[in-house]
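# Tertiary structure, described
Spelled out, the chains give:
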Amino acid sequence: MSANRPVLKAVLILGLTFLAGTALGIFIGHMDAVRRRAFPPPPHAAEWGARHLDGVLDLSDAQRAQVKQILATHHARMTVTWRGARDSMRGEAELANQEIDRILTPEQRARFAKVKFLHRRRPLIPFH
């Protein structure tokens, strides 16, 4: 039995390492999804986009300035659209919550209050 102890210990350590890595991967993936859904494009997106296109397309100074202006204009529109979509999604989720709440028993309502869609503390995430 003592000969198997190091092997058992190694298997246990390997299994725990695998579980910890899996949990960390899930957490990082979840946080990245939250970040992408919870925030609009960054304010410097037009500048970054223009630099990227300049690197790929070798733009002239005039083209670079025009691309930057085009991206800035559309970035502003996308930000407004994103805010409207976010508010619309929250409204739809709240309507869904209200409809679900109406069909639940009192005990189920108490549990649902903790996990309902778009819970105030967790933006745009439907599960806890």
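For the structure itself, look to the data block above.
A quick note: this is a predicted structure, and the numbers were derived from the prediction, not measured. (Residues numbered from 1 in each chain as written. Predicted model: local features only at pLDDT ≥ 70, side-chain atom pairs only at ≥ 80, totals over all residues. Heavy atoms only, no water.)

## Details of unusual backbone geometry
Unusually for a residue other than glycine, Asp58 sits at a positive phi of about 55°. Looking at the secondary structure, you find Asp58 in the loop between α2 (45-57) and α3 (61-102). A relative accessible area of 67% means that Asp58 is categorised as exposed. (Helix = DSSP H or I, 4+ residues; strand = E, 2+ residues; numbered from the N terminus. Buried < 20%, exposed > 50% of the residue type's maximum accessible area, 1.4 Å probe, protein only.)

## Here we look at the pattern of salt bridges
Counted by the stated rule, this structure contains 6 salt bridges. Of the charged contacts, one joins Arg51 and Glu47 as a salt bridge, the two residues approaching to 3.5 Å between their closest N and O atoms. Of the two residues, Arg51 and Glu47 are both situated in helix α2; the distance of 4 residues between them amounts to about one turn of the helix. Among the ionic contacts, a cluster of salt bridges with common partners joins Glu47, Arg51 and Lys68. (Salt bridge = Lys/Arg side-chain N within 4 Å of Asp/Glu carboxyl O.)

## Focus on the packing of α2 against α3
Interaxial distance between α2 and α3 falls to 8 Å at its minimum, and their mutual angle equals 145°. Between α2 and α3 the crossing geometry is right-handed. Here Ala45, Ala46, Glu47, Gly49, Ala50, Leu53 and Asp54 of α2 lie close against α3, whose contacting residues are Arg64, Val67, Lys68, Leu71, Ala72 and His75. When the residues that make up the contact of α2 with α3 are grouped by side-chain class, the tally is 7 nonpolar, 2 polar and 4 charged. (Axes fitted to C-alpha atoms, helices over the stretch in contact; angles between N-to-C directions. Left-handed = near helix turned anticlockwise from the far one by under 90°. Contact = heavy atoms within 4.5 Å. Nonpolar A, V, L, I, M, F, W, Y, C, P; charged D, E, K, R; others polar.)

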